[in-house]
Amino acid sequence: MSVPINRVALIAGMAKRNINCNQLVELSGVSRVTITAARSGKSCSRKTAEKLAAGLGVPVETLIKEG
């Protein structure tokens, strides 16, 4: 099941931690292509959203777009 990613929250989370895409790859274990797609507002699996959230140190609900 895919979930819509809140691209603004993802980009803000990266800015808050002062990390770039390559650093988030290392922290989350998610591919650069997937992170780039999520930053563009594409949906991803719940598991991927959880990995991104863990890499950013935020709850997964922060990254999932409501409604």
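Position numbers for residues start from 1 in each chain and track the written sequence from start to end. Predicted model: local features are reported for residues with pLDDT of at least 70 only, side-chain atom pairs are reported and counted for 80 or more only, and whole-chain, interface and lining totals are derived from all residues. To get the side-chain values, all heavy atoms of the structure are used, and hydrogens and water are removed first.

Asker: Explain the packing of helix H1 (residues 7–17) against helix H3 (residues 32–39) to me, please; I cannot follow it from the model alone.
Answerer: For any two helices packed against each other, one specifies the inter-axial angle together with the distance between the axes. Only the stretch in contact is used when a helix axis is fitted, and all axes are lines through C-alpha atoms; the angle between N-to-C directions ranges over 0 to 180 degrees. Where helices and strands are cited, they refer to DSSP runs of H or I of at least four residues and of E of at least two residues respectively, numbered from the N terminus. Interaxial distance between H1 and H3 falls to 8 Å at its minimum, and their mutual angle equals 120°. One way to sum up the angle between H1 and H3 is to call them oblique. Contact residues: Arg-7, Leu-10, Ile-11 and Met-14 in H1; Ile-35, Ala-38 and Arg-39 in H3. Partitioned by chemical class, the residues of the contact of H1 with H3 number five nonpolar, no polar and two charged. For classification purposes, angles smaller than 35 degrees are called roughly parallel, those larger than 145 roughly antiparallel, those between 65 and 115 roughly perpendicular, and all remaining angles oblique. The criterion used for residue contact is that any of the two residues' heavy atoms lie within 4.5 Å. Ten residues, namely Ala, Val, Leu, Ile, Met, Phe, Trp, Tyr, Cys and Pro, are considered nonpolar, four, namely Asp, Glu, Lys and Arg, are considered charged, and the remaining ones, Gly among them, are considered polar.

Asker: Sorry, what's going on with the nonpolar core here?
Answerer: Most often, soluble globular proteins keep nonpolar side chains buried together rather than apart. The set of buried Ala, Val, Leu, Ile, Met, Phe, Trp, Tyr and Cys residues whose side-chain atoms join them within 4.5 Å is what this entry labels a nonpolar core. Note on exposure labels: buried denotes an accessible area under 20% of the residue type's maximum, exposed denotes more than 50%, and partly exposed covers the range between, all computed with a 1.4 Å probe on protein chains only. Membership of the largest hydrophobic core comes to 19 residues, with the highest contact counts inside it found for Ile-5, Leu-10, Met-14, Leu-24, Leu-52, Leu-56 and Leu-63. Among the elements of the structure, H1, helix H2 (21–28), H3, helix H4 (46–56) and helix H5 (60–63) are those that each provide at least two residues to this core. Counting residues per element, this core draws most heavily on H4, which supplies four residues. Discounting chain neighbours no more than four positions away, the residues touching Leu-56 are Leu-10, Gly-13, Met-14, Arg-17, Ile-19, Leu-24 and Leu-63.

Asker: Sorry, what's going on with unusual backbone geometry here?
Answerer: The phi torsion of most residues other than glycine is negative, and most of the peptide bonds are trans. Its identity is not glycine, yet Asn-18 carries a phi of approximately 60°, on the positive side. Within the secondary structure layout, Asn-18 lies in the loop between H1 and H2. Of the residues examined, Asn-18 reaches a relative accessible area of 68% and is grouped as exposed.

Asker: Looking at this structure, how should I read the state of the cysteines?
Answerer: A covalent bond between the sulfur atoms of two cysteines is what we call a disulfide. The term disulfide is used for any two cysteine sulfur atoms that are within 2.5 Å. All told, the structure shown has zero disulfides when counted by the stated rule. With no disulfide of its own, Cys-21 lies 13 Å from the sulfur of Cys-44, the closest cysteine sulfur. Judged by its relative accessible area of 6%, Cys-21 falls in the buried class.

Asker: Would you mind showing me how to read H4 here?
Answerer: Note that an α-helix has 3.6 residues per turn; residues three or four places apart therefore point the same way. Listed as buried for H4 are Thr-48, Ala-49, Leu-52, Ala-53, Gly-55 and Leu-56. Take H4 and look down its axis: the buried residues cluster within an arc of 160°, on one side only. The exposed residues of H4 that point more than 90 degrees off its buried face are Lys-47 and Ala-54. Elements that come into contact with the buried residues of H4 comprise strand E1 (2–3), H1, H2, H3, strand E2 (44–45) and H5. Looking one or two places after H4, you find Gly-57, whose phi comes out positive at around 75°. Regarding the arc, it is the one traced by the directions from the helix axis to the C-beta atoms.

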